[in-house]
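Here is what each chain is made of, one letter per residue.
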Amino acid sequence: MTSVTAAERSTVLHHRPPLDRVNPVTKVLAVLILSVPLLLTIDWVSASTAVLLEVMLFPLSGLRFTALLKRALPVLVFAPVGGISMLLYAKPGGTEYLSLGFVRVTDNSIALAVAVTIRVLALGLPTILLFARVDPTDLADGLSQIAKLPSRFVLGILAGARMLGLFIDDWRSLALARRARGLGDRGVVRRFASMAFVLLVFAIRRGSKLATAMEARGFGAPIERTWARPSRLGRADLLAVLVTIVIMALALSTAVLAGTFRVVGQ
């Protein structure tokens, strides 16, 4: 077996995408910095500016564009849903274009619908870019060593994250087994419900066995735990925090200068 030299290890780390060098705990902080102001404001200019600046950081994530689209598909699907509900049922104001029972489409509802749709994208995109390539073990190391969260809580999160991949494999195996028995070609809703129930049973059984095994190995003991891999903060983490602060400052400043800045509830 060949050993990896220090120079080779340094070369591998040097060629990692820039966002992979950021500590997972810093990524959590960055998501909070980007999300909280957008949750408190509701205007399309600040959200659009945030989305534009976040898209410009896409090359730093190490993701392929097709992978980004695949991961962002749920956000792209549900963002218009929130916009449509705001369009139909938001507080009326300005010129009225449609009135049908509880549905009233006005200038205010249109502006809110556009703002909500873009805001959902602005909230979902940074999470995808920052956490698409995060290793659950690195996240657990950071939460325990840097954020100082209880080790039992952190190890539970790590175990749950590791089981997600098993659930995906179980779902594929169930689909293939049903198709082999001739049960997978009809009744999409019924098939989904039955497979989801079976997967729920698998999850409960596997979770119970995993909890028992972890307790038997002392993972729940109230002692100070050591960690095999140290988690540290560096210059990349400071730069990541500064960049997120600049992005949000530019987004809010642009909205104020454009005269569209609006706080939720106004």
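Positions within a chain are numbered from 1, following the residues in the order the chain's sequence is written. Per-residue local features of the predicted model are confined to residues with pLDDT of at least 70, and side-chain atom pairs are confined, for both listing and counting, to 80 or more; whole-chain, interface and lining totals are unaffected and use all residues. Calculation of side-chain values draws on the structure's entire complement of heavy atoms; hydrogens and water are dropped beforehand.

A. Local environment of the UniProt feature "transmembrane region" (unreviewed entry) in the chain. UniProt positions are given in the numbering used here, feature names are shortened, and annotations may be inferred rather than shown by experiment. Here the UniProt-annotated "transmembrane region" (unreviewed entry) positions come out as residues 28–60, 72–90, 110–132, 188–204 and 238–261. Structurally, residues 28–60 comprises 79% helix and 0% strand, and the distance from its first C-alpha atom to its last is 17 Å. Only DSSP runs of H or I covering at least 4 residues are called helices, and only runs of E covering at least 2 are called strands; the numbering of each starts at the N terminus. The span residues 188–204 is 100% helical and 0% strand by assignment, and the distance between its end C-alpha atoms comes to 24 Å.

B. Spotlight on the packing of helix α3 (residues 44–56) against helix α9 (residues 235–258). In this description, a line fitted to the C-alpha atoms serves as the axis of each element, helices being fitted only across the stretch in contact, and the angle between N-to-C directions of two axes falls anywhere from 0 to 180 degrees. Where α3 contacts α9, the two axes come as close as 8 Å, and the packing angle between them is 145 degrees. Pair α3 / α9 crosses with right-handed handedness. Contacts between α3 and α9 involve Val45, Ser46, Thr49, Ala50 and Leu53 from the former and Ile247, Leu250, Ala251, Leu252, Thr254, Ala255 and Ala258 from the latter. Gly counts as polar in this scheme, as do all residues outside two lists: the nonpolar Ala, Val, Leu, Ile, Met, Phe, Trp, Tyr, Cys and Pro, and the charged Asp, Glu, Lys and Arg. Of the residues in the contact of α3 with α9, the class split is nine nonpolar, three polar and no charged. When the near helix sits turned anticlockwise from the far one by under a right angle, the crossing is termed left-handed; a clockwise turn instead gives a right-handed crossing. Residue contacts are counted whenever heavy atoms from the two residues lie within 4.5 Å of one another.

C. Focus on the pattern of salt bridges. By definition here, a salt bridge exists when the distance from a side-chain nitrogen of Lys or Arg to a carboxyl oxygen of Asp or Glu is within 4 Å. Counted according to the given criterion, the structure contains six salt bridges. Note that arginine 133 is salt-bridged to aspartate 20, the shortest N-O span being 2.8 Å. In this pair, arginine 133 sits in the loop between α5 (107–131) and α6 (136–145) while aspartate 20 sits in the loop between α1 (6–14) and α2 (24–40), placing the two residues 113 residues apart along the sequence. Residue exposure (1.4 Å probe, protein chains only): buried if accessible area is under 20% of the type maximum, exposed if over 50%, otherwise partly exposed. Residue arginine 133 is classed as partly exposed on the basis of its relative accessible area of 42%.

D. A look at the side chain of serine 109. Residue position: serine 109 is located in helix α5. Serine 109 sits in the buried class, given a relative accessible area of 0%. In the analysis that follows, any N or O atom pair within 3.5 Å is treated as a polar contact, provided that within protein one partner can donate a hydrogen and the other can accept it, and provided that, for residues neighboring in sequence, both atoms belong to side chains. Among the polar contacts listed, one links the side chain of serine 109 to the backbone oxygen of leucine 87, at a separation of 3.3 Å. At 2.7 Å, the side chain of serine 109 forms a polar contact with the backbone nitrogen of threonine 106. If near-sequence neighbours (up to four positions away) are discounted, serine 109 is found in contact with Met86, Leu87, Ala90, Lys91 and Arg104.

E. Summary view of the environment of leucine 60. Note that leucine 60 resides in the loop between α3 and α4 (65–89). Given a relative accessible area of 34%, leucine 60 falls into the partly exposed group. When sequence neighbours within four positions are dropped, the list of residues in contact with leucine 60 reads Pro17, Pro18 and Leu19.

F. Up close: unusual backbone geometry. Notably, lysine 148 is not glycine yet its phi reads approximately 60 degrees, a positive angle. Of note, lysine 148 is situated in the loop between α6 and α7 (151–180). Taking the relative accessible area as the measure of exposure, lysine 148 reaches 63% and is therefore exposed.

G. Looking closely at α7. By this rule, a helix spans an expected 1.5 Å times one less than how many residues it contains. Helix length check: α7 (30 residues) gives 44 Å between terminal C-alpha atoms against 44 Å at 1.5 Å per residue, within 8%. Turning to α7, its buried residues number three or more, namely Ser151, Val154, Leu155, Leu158, Ala159, Met163, Phe167, Asp170 and Leu174. Positive phi shows up at glycine 182, right after α7, with a value of about 80 degrees.

H. Structural detail: the packing of aromatic side chains. Paired rings are identified among Phe, Tyr and Trp, the last through its six-membered ring, by centres lying within 6.5 Å, and are further divided according to the angle between planes into stacked (under 30 degrees), edge-to-face (over 60) and tilted (the rest). Within this structure, the stated rule accounts for two aromatic pairs. Note on phenylalanine 58 and phenylalanine 65: the rings are 6.2 Å apart at their centroids and 85 degrees apart in plane angle, and the pair reads as edge-to-face.

I. Layout of the nonpolar core. By nonpolar core we mean a set of buried residues, namely Ala, Val, Leu, Ile, Met, Phe, Trp, Tyr and Cys, connected to one another through side-chain atoms within 4.5 Å. Formed by Leu34, Leu38, Ala47, Ala50, Val51, Leu53, Ile118, Ala122, Ile247, Met248 and Ala251, the largest nonpolar core amounts to eleven residues. When residues of this core are traced back to their parent elements, those giving at least two are α2, α3, α5 and α9. When residues in this core are grouped by element, the largest group, four residues, is from α3. Leave out the neighbours within four places in its chain, and isoleucine 118 touches Trp44, Ala47, Ser48 and Val51. Counting nine residues, the second largest nonpolar core, distinct from the first, contains Phe58, Leu63, Ile128 and Leu129.

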